[in-house]
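Structure at a glance
The residues making up each chain are set out below.
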Amino acid sequence: MENKENLYASIPYVDKKVSRIFAGTAFSPIQDGADGTDFFEAALANGINAFDTARVYMEAEHSFGNWLEKSGRREEVVILSKCGHPDAMWNKRVNEKEMRKDLKKSLEELKTDYIDIYMLHRDDPDTEVAVAVETFNAMHEEGNIGAFGASNWTHTRIEEANEYAYKHNLIPFSVSSPNFCLARQIEDPWGGGCVNISGPENIEARAWYEKNQMPVIAYASLGRGFFSGRMKSVNADHAEDYLDSLAMKGYACPDNFERLRRCEILAEKHGVTVAQIAMSWIFSQPLNIFAIASMSKADRMKANREALLLQLSDEEIAYLAQ
């Protein structure tokens, strides 16, 4: 029988338990604004009550909001949304005016009066951390957001923001969403400004998260499909037949194909899928970890949930990342 406590955890300033897996909404047809009832209901049926979206995910917030309104299940779900992404010309938008503009629009599209977890989507290192900390605190005080933090901020910038909060008796950032998965990221696939904590080169960042136990909500947790199981390690010479251009740019390298090969070996040993091995590896790390997974089918949702319960040995965990 499943230990339900493994499936959920607490995040400061969120008043309900949060599933360790977040259902991502950045995929078609959700991004196209289509009816997502089957997807959202299947996630809940599989114990996934947390949903990741953002102002820039096209019509994803609209699709989710329509379902929330007609289902009446707002108090059962945890919504994570994001603001402040650069505009179409890549002008930076980390300022109070743009953050509030995005929040207003997100609340309208989501058809709710509060967002459980709210994040800046990118950073602007030229902007003082005080801007983000004070704006988020005001939004929290007004009752429009619960927890807040950042996606794609370095741990050093988050630490700087929290030092500012402590010195000014304000609420600090309590959650972070970097890229993290078994695959090393060899190049930023998403246009610059993304932060990755995978691979040996980012051991310092992971040590900081381990020490502070700040919740890490890992995006691209399967390497944008690298560990989905659709591609085999023997397909390295024509990986572009299985991966999109972003995945090729970010993850297609010999080190990662070797990790995929090792996932295949352990998947056969344990009688599970490659994706489950890669997801289990994430949850085996000494971090306060959550993972975003875009999964349109109910069986994938169930498989990701089961990966939480799969116990890999210390030797297997080390073997995968060698």
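Please read all numbers here as calculations on a predicted model, not as lab measurements. (Residues numbered from 1 in each chain as written. Predicted model: local features only at pLDDT ≥ 70, side-chain atom pairs only at ≥ 80, totals over all residues. Heavy atoms only, no water.)

Going through the model one piece at a time under the given rule, you end up with 19 aromatic pairs. Measuring from centroid to centroid gives 5.0 Å for Trp208 and Tyr209, while their planes differ by 85°, and the two rings are edge-to-face. What makes Trp208 buried here is its relative accessible area of 11%. Look at Phe226 and Phe227: their rings are 5.2 Å apart centre to centre, the planes differ by 70°, and that puts the pair in the edge-to-face class. For the residue pair Phe226 and Phe227, the accessibility class agrees, reading buried in each case. Here the aromatic cluster, defined as three or more aromatic residues joined through ring pairs, consists of Phe27, Phe39, Phe40, Phe51, Phe64 and Trp67. (Phe/Tyr/Trp six-rings, centres within 6.5 Å; stacked < 30°, edge-to-face > 60°. Buried < 20%, exposed > 50% of the residue type's maximum accessible area, 1.4 Å probe, protein only.)

The next subject is the packing of helix α5 (residues 155-167) against helix α6 (residues 203-212). Two elements in contact, α5 and α6, have axes separated by 10 Å at closest approach and are oriented at 35°. Every residue of α6 that contacts α5 at His155, Ile158 and Glu159 is listed here: Glu204, Ala205, Trp208 and Tyr209. Residues that form the contact of α5 with α6 fall into these classes: 4 nonpolar, 1 polar and 2 charged. (Axes fitted to C-alpha atoms, helices over the stretch in contact; angles between N-to-C directions. Helix = DSSP H or I, 4+ residues; strand = E, 2+ residues; numbered from the N terminus. Contact = heavy atoms within 4.5 Å. Nonpolar A, V, L, I, M, F, W, Y, C, P; charged D, E, K, R; others polar.)

Relative to the elements of secondary structure, His155 occurs in helix α5. With near-sequence residues (within four places) excluded, His155 lies in contact with Glu204, Ala205, Trp208 and Tyr209.

Grouped together as the largest cluster of nonpolar side chains are 107 residues, with contacts concentrated most on Ile117, Phe136, Phe173, Ile217 and Phe227. The element that contributes the greatest number of residues to this core is helix α9 (residues 274-283), accounting for 8 residues. Among residues more than four places away in sequence, those in contact with Ile117 are Ile11, Val14, Phe22, Val78, Ile79, Leu80, Ser81, Ala147, Val175 and Ile217. (Core = buried A, V, L, I, M, F, W, Y, C linked by side-chain atoms within 4.5 Å.)

None of the figures reported here should be taken as evidence of function without further support.
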